[in-house]
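Take a look at the letters that make up each chain.
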Amino acid sequence: MSGVLHAILILLSLAFNVLVLNMVRQGRAELRYALAWLGVGIVMLLLSIWPHLLNVIAELMNVAVPINAAFFLAILFLLSIMLGLTVVISGHKNRIYKLTQLVAIQEKRIAELEKKLTEQPAKRE
Amino acid sequence: MRILVIIPAYNESAAIEKVVSGLLDAAKAFSDACDYIVVNDGSSDRTEYVLDEKGLNAITLPANLGIGGAVQTGYIYAKQQGYDVAVQLDGDGQHLPAFIPELIAPIARGEADFVIGSRFLGKGSFRSSSVRRCGIRILSGVIYCMTGRRIMDVTSGFRAVNRHGIDLFSDEYAKDYPEPEGIVRALKNGLSVCEVPVSMEKRETGESSIGLLMSVYYMIKVTLSILLIGLEKPDGKLKEAER
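Because the structure is predicted, anything quoted here is derived from the model rather than measured.

Reading the values: rules and limits
Residues numbered from 1 in each chain as written. Chains lettered and ligands numbered in written order. Predicted model: local features only at pLDDT ≥ 70, side-chain atom pairs only at ≥ 80, totals over all residues. Heavy atoms only, no water. Contact = heavy atoms within 4.5 Å. Buried area = accessible area lost by both parts, 1.4 Å probe. Salt bridge = Lys/Arg side-chain N within 4 Å of Asp/Glu carboxyl O. Polar contact = N/O pair within 3.5 Å; in protein donor to acceptor, adjacent residues only side chain to side chain. Helix = DSSP H or I, 4+ residues; strand = E, 2+ residues; numbered from the N terminus. Nonpolar A, V, L, I, M, F, W, Y, C, P; charged D, E, K, R; others polar. Pairing = 2+ DSSP bridges. Axes fitted to C-alpha atoms, helices over the stretch in contact; angles between N-to-C directions. Parallel < 35°, antiparallel > 145°, perpendicular 65-115°, else oblique. Left-handed = near helix turned anticlockwise from the far one by under 90°. Buried < 20%, exposed > 50% of the residue type's maximum accessible area, 1.4 Å probe, protein only. Right-handed = clockwise from strand over helix to strand, strands pointing away. pLDDT = per-residue confidence, 0-100. Phe/Tyr/Trp six-rings, centres within 6.5 Å; stacked < 30°, edge-to-face > 60°. Lys NZ or Arg CZ within 6 Å of the ring centre and 35° of its normal.

Trainee: I tried to follow the interface of chain B and chain A on my own but got confused; where do I start?
Mentor: Quite often, the size of an interface is put as the accessible area lost when its parts meet. Facing the 17 residues of chain B at the interface are 12 residues of chain A. Here chain B packs against chain A, burying approximately 1200 Å² in sum over the two surfaces, 66% of which is carbon and sulfur. At the boundary of chain B with chain A, the tally comes to 0 salt bridges. Inspection of the region where chain B meets chain A yields 5 residue pairs in polar contact (both at pLDDT 80 or more). Elements supplying a minimum of two residues to the side of chain B that touches chain A: β3 (58-60) and α3 (67-80) of chain B. The element contributing the most residues to the side of chain B that touches chain A is α3(B), with 6 residues. Looking at the side of chain B that touches chain A residue by residue, the classes come out as 9 nonpolar, 7 polar and 1 charged.

Trainee: Honestly, the sheet that holds β3(B) in this entry has me stumped. Any pointers?
Mentor: Strands belonging to one sheet form pairs held by backbone hydrogen bonds; the direction of such a pair is parallel or antiparallel. Residue and element names in this part refer to chain B. Spatial strand order, β3-β2-β1-β4-β6-β5-β7: 7 strands in an open sheet with mixed pairing. Every other strand in the sheet has two partners, leaving β3 and β7 (193-197) as the edge strands with one partner each. When the angles between neighbouring strand axes are averaged without regard to direction, this sheet yields 20°. Across the sheet, α3 is in contact with β1 (3-9), β2 (34-40), β3, β4 (85-88) and β6 (159-161); its angle to β1 comes to roughly 155°. With respect to the sheet, helix α7 (residues 178-188) is in contact with β5 (114-118), β6 and β7, its orientation differing from that of β5 by roughly 145°.

Trainee: Just checking my understanding: could you explain the packing of helix α5 (residues 130-147) of chain B against α7(B) for this structure?
Mentor: How two helices pack is summed up by the angle between their axes together with the distance between the axes. Residue and element names in this part refer to chain B. α7 packs onto α5 with a crossing angle of 15° between their chain directions and a minimal axis gap of 11 Å. Between α5 and α7, the interaxial angle falls into the category roughly parallel. Like other packed secondary-structure pairs, α5 and α7 cross with a definite hand, here right-handed. When α5 is examined against α7, the residues L139, I143 and T147 are found in contact with a partner set consisting of P180, V184 and L187. When its residues are assigned to classes, the contact of α5 with α7 shows 5 nonpolar, 1 polar and no charged.

Trainee: Could you clarify how one ought to interpret the pairing of β2(B) in this entry?
Mentor: Regular strands place their side chains on alternate faces of the sheet. Residue and element names in this part refer to chain B. The buried count for β2 comes to 6 of 7 residues, which makes it a mostly enclosed element. Of the pairings in the sheet, the one linking β1 to β2 comprises 7 bridges and is parallel in character. The residue bridging V5 from the neighbouring strand is Y36, located in β2. In this fold, β1 hands off to helix α1 (residues 16-30), which returns the chain to β2; that crossover is right-handed. Where β2 and β3 come together, 3 bridges link them in parallel fashion. Bridge pairing links V39 to I59 in β3. In this view, the connection linking β2 to its parallel neighbour β3 by way of helix α2 (residues 47-53) has right-handed handedness.

Trainee: Help me out: how do you make sense of the confidence of the model for chain B in this one?
Mentor: Caution applies to low-pLDDT parts of the model: their predicted coordinates are not meant to be read in detail. Residues and elements named next belong to chain B. For chain B, per-residue confidence averages 86 on the pLDDT scale, and 88% of positions sit at 70 or higher. Counting contacts from residues 238-243, a segment whose pLDDT is below 50, to residues more than four positions away or on other chains yields 4 contacts. Scored by ipTM, the complex comes to 0.84, with pTM at 0.84.

Trainee: What am I meant to see in the packing of aromatic side chains here?
Mentor: In this structure the tally under the stated criterion is 7 aromatic pairs over all chains. Relative to A:F77, the ring of A:W37 has its centre 6.0 Å away and its plane inclined at 80°; by these criteria the two rings are edge-to-face. In this pair, A:W37 is assigned in helix α2 (residues 31-49) and A:F77 in helix α4 (residues 66-124), connecting sequence segments 40 residues apart. Note on A:F77: relative accessible area 27%, which makes it partly exposed. Seen in terms of ring centroids, B:Y177 and B:Y218 are 4.7 Å apart; in terms of plane orientation they differ by 70°. Their pairing is edge-to-face. Within this pair, whereas B:Y177 is found in the loop between α6 (163-171) and α7, its partner B:Y218 is found in helix α8 (residues 214-231), the two being separated by 41 residues in sequence. Comparing B:Y177 with B:Y218 shows no difference in burial state: the two are buried. Linked through ring pairs, B:Y75, B:F114, B:F169 and B:Y173 together constitute an aromatic cluster. Between B:R2 and the ring centre of B:Y83, over which it is positioned, the NZ or CZ distance is 4.2 Å.

Next up, the structure:
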């Protein structure tokens, strides 16, 4: 690998980590969900510093071409993250439903109480 | 026996007033303790305005949740207000309030927790496409396999439940296409379900909630969810009943 490519890969991995950390810092991503991405960022950084690591992993997995091992692991990881997001979204949907329903019922109660309040003083006079 | 009629309405500004006045007329004949609640499912038309103007008893959802979420809001309201019986009546006028006494009768006699108004038990002629009838028959078969009970009109939204049903449905109700799932959930939780014959009007306004393209999705989704509910372990309520 050429020195330039090596440097670019390291810089890109660093930039990715900084981006994720910055998102957490600014409150745009919650640490709980960003943690997985930080893990990816660190693995990317390690691999770009020591590309030889990938060969070791591929050998351990009995995969002939190292980059295939990388693709396989990446796809596995993305699938698991997406499944996790589906779970999170479904949970949100349930909570939004409950909130919407209860807000609507409260709204009705408030309107009824307000009506009662405006009627009562009139009766006393 | 306090009765609440739940009327889900999505973009029914043209029909809703007629449905409510029809219900109130019919209610005079059978009960002096029959209230109604219109659940406006975040309609984008003038439904909310009409409800306000006519002073109808209504809950307006701030966002569109779909039929399941709207009906469930009615059940939650029924539970909070302590009603004994909840009846579902469509906001588009296809269900006839004159049949409500027949829906409620088995509950009043203590023979059923959950009564479905069925179009397939002889009363009136039910005209719908053969595709639709076939779909209903398939779902009816799936429910029979999972629960051992033969329910004919599994997609009927004209139904009544007692307090057990109100508790169950305010707790757990399918979000879209909830009718067949509701039957399975009720049976799974040990509620007794029965059908009574009713006839229905052709819908006057509004669109069917199921378009042609959606029917395949509908069948897959509903069949799967019936199977999954069927495989669920019966939850606490049933265990309590067994003890």
